[in-house]
Amino acid sequence: MRAAGIPQGTLAAGQERSAGIEAPRGMEEDSGRVKISDIRVKHIDRELDPPFDAAWDPVPRTSFEATLVFVETDTGLTGVGSGDTMAGFAAHAHHFIGEDPLRMVRHVETIESINFHAGRFWPLEVALWDIVGQACGQSVATLFGGTAERLPVYASCGDLKSPDARAESAIALRAEGFRAMKIRIDPRRADEGVAAVRAVRDAVGSDLDIMVDLNQAWRPAGDITRSIDVPAARLIAERLLELDVLWLEEPLKGDDRQGLVDLRRSTGMRVAGGEMAQTFADSLALLQADAYDVYQSDVVLAAGMHRSRQLAELARMRNRSFTPHTWSNGIGLLANLHVAAGVGAGPYLEYPYDPPGWTPERRDFMLAEPLRIDGDGCLPVPQAPGLGIVLDPELR
Ligand SMILES: [Mg+2]
């Protein structure tokens, strides 16, 4: 008799089915494959003088930390990743040493099993994809679908500027080639924030797409400020709709799925979010609830590269957008760029940029050269095999 739920024909004659359905086996016995020989984690930082006063930070930043992950293999290929802190990873490195770096589903599932108990070790997945690309002689964007070789970006502003200063910055961005920008607003100072958006719209007309971020979905560690509620978010959304804002980001607490649905339906404003959804299941729950128009899972901070591709494909099937959050550092931006260009994310990719506080030199201090847009407002995907990371020679 066949076991319930198992399709006919899956059992060979005489074979017995054990309880449950087992994962495929076999690759681990292949000794001719590449093996991970070492994983090194290196913490670096750069002093920020003058400090950077990010809208979401409780105090201005006086230094910028980054963690680099180096995955070494027995064939000499080295992969590099960065993004989250990798705090506590040393105790889990043994789950990967000696394994074939190309067995990506195995690694993603292993990272997820560790994440349940410890940190978000997605920078390791980034380094592994860097190896996969090098082993195949292809850019990671090609392996993720190869949809685009460059993506239009939006200048993602970081600090709260006065209306006049924000309008001035918008004019400068337009002159540099940017086609879109995202403005932070403190929803508790909504009049001032809406005035900044209005000043930008008046200054650039319809030449620039404008997005607005309320940063209500999550808080830095130790900050227990509550999110605004649906009526407050609705009042802001209605004012921003009049200024032709493309999307409103994180208007509410990240798990207020019903509130997000209500806000979308009652205002007609596109709503974006999910940048820090902690697990793939959290992102799926948001998608299932139809909480957002634009899903923004950051591949180095949230659900990883492989899972973000799955999310992007599911969002597209539902006629929703995917475009990842990228506010970490130059390597995090590159990892998100490869996934985004591979799957065809859009309409714009986030490019953290708000001079003089946040510049490519600060953001990408670990790279030999900062990542810059072309004259058309697009960020080109490095075409070298892997992620195309060229580190500052002193950091290798
Ligand atoms: Mg955001």
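Computed from a predicted structure; not experimentally measured.

Before going further, it helps to spend a moment on the overall build of the chain. When you go through the chain residue by residue, the secondary structure sums to 11 helices and 12 strands. Its C-alpha radius of gyration of 22 Å places the chain within 12% of the 21 Å reference for a compact globule of 396 residues. Taken along its principal axes, the extent of the C-alpha atoms in the chain is 75 × 55 × 40 Å. Across the 396 residues in the chain, those meeting the buried criterion constitute 53%. Put simply, 73% of the contacts in the chain that link residues at least 6 apart link residues at least 24 apart. A total accessible area of about 17600 Å² is found for the chain, and carbon and sulfur atoms account for 50% of it.

What follows deals with the sheet that holds strand 3 (residues 78–82). If you walk across this open sheet you meet the 3 strands as 1-2-3, and the pairing is antiparallel. The open sheet has two free edges, formed respectively by strand 1 (36–52) and strand 3, since each of these has just one partner strand. The average angle at which neighbouring strand axes cross in this sheet is 20°, direction not considered. The sheet contact formed by strand 2 (residues 61–73) and strand 3 spans 5 bridges and is antiparallel. Paired with V69 across the bridge in strand 3 is G81.

Take the pattern of salt bridges next. Enumeration over the complete set of coordinates arrives at 28 salt bridges. Across the salt bridge formed by R120 and D84, the nearest N and O atoms sit 2.7 Å from each other. Separated by 36 residues along the polypeptide, R120 in the loop between helix 1 (104–115) and helix 2 (122–136) and D84 in the loop between strand 3 and helix 1 bring together distant segments of the chain. R120 gets classed as partly exposed once you look at its relative accessible area, which sits at 23%. Judged by its relative accessible area of 8%, D84 falls in the buried class. Between K253 and D255 there is a salt bridge, with the nearest N and O atoms lying 2.8 Å from each other. K253 sits in the partly exposed class, given a relative accessible area of 42%. Linked through salt bridges whose partners overlap, the residues forming this network are K182, R184, D213, E249 and E350.

Many authors give the size of an interface as the accessible area that is lost as the parts come together. Once the domains are mapped, the chain shows domain 1 (36–137) and domain 2 (142–395). On a C-alpha basis, the centres of domain 1 and domain 2 stand 22 Å from each other. Between domain 1 and domain 2, the residue contacts involve 39 residues of the former and 40 residues of the latter. Taken together, both faces of the contact between domain 1 and domain 2 bury some 3300 Å²; the carbon and sulfur share is 70%. Counting across the interface, domain 1 meets domain 2 through 1 salt bridge. Between R307 and E112 there is a salt bridge, with the nearest N and O atoms lying 2.8 Å from each other. Where domain 1 packs against domain 2, one counts 8 residue pairs in polar contact (both at pLDDT 80 or more). Of all the elements in the fold, those that place two or more residues in the side of domain 1 that touches domain 2 are strand 1, strand 2, strand 3, helix 1 and helix 2.

Turning next to the coordination of the magnesium ion. Six octahedral donors around a metal ideally sit at 90 or 180 degrees from one another, while four tetrahedral donors ideally sit at 109.5 degrees. Coordination of the magnesium ion by the protein involves D213 (OD), E249 (OE) and E275 (OE), with metal-donor separations of 2.1 to 2.4 Å. Within one chain, the residues donating to the magnesium ion are spaced in sequence as D-x35-E-x25-E. With D213 in strand 6 (residues 209–213) and E275 in the loop between strand 8 (271–273) and helix 8 (280–289), the pair connects residues that are 62 residues apart, well separated along the chain. Overall, D213 belongs to the buried group, its relative accessible area being 0%.

What follows covers helix 10 (residues 330–343). In this model, helix 10 (14 residues) spans 20 Å end to end at C-alpha, consistent with the 20 Å of a helix rising 1.5 Å per residue. Most of helix 10 is tucked away: 14 of the 14 residues are buried. At the C-terminal side of helix 10, G344 shows a positive phi close to 80°.

The rules behind the values
- Residues numbered from 1 in each chain as written.
- Predicted model: local features only at pLDDT ≥ 70, side-chain atom pairs only at ≥ 80, totals over all residues.
- Heavy atoms only, no water.
- Helix = DSSP H or I, 4+ residues; strand = E, 2+ residues; numbered from the N terminus.
- Rg over C-alpha atoms; globule rule 2.2 N^0.38 Å.
- Buried < 20%, exposed > 50% of the residue type's maximum accessible area, 1.4 Å probe, protein only.
- Contact = heavy atoms within 4.5 Å.
- Areas by Shrake-Rupley, 256 points an atom, 1.4 Å probe, with all protein chains shown as cover.
- Pairing = 2+ DSSP bridges.
- Axes fitted to C-alpha atoms, helices over the stretch in contact; angles between N-to-C directions.
- Salt bridge = Lys/Arg side-chain N within 4 Å of Asp/Glu carboxyl O.
- Domains from an automatic or database assignment.
- Buried area = accessible area lost by both parts, 1.4 Å probe.
- Polar contact = N/O pair within 3.5 Å; in protein donor to acceptor, adjacent residues only side chain to side chain.
- Donors = N, O, S within 2.8 Å, 3.2 Å for Na, K, Ca; no water.
- Expected span 1.5 Å × (residues − 1).

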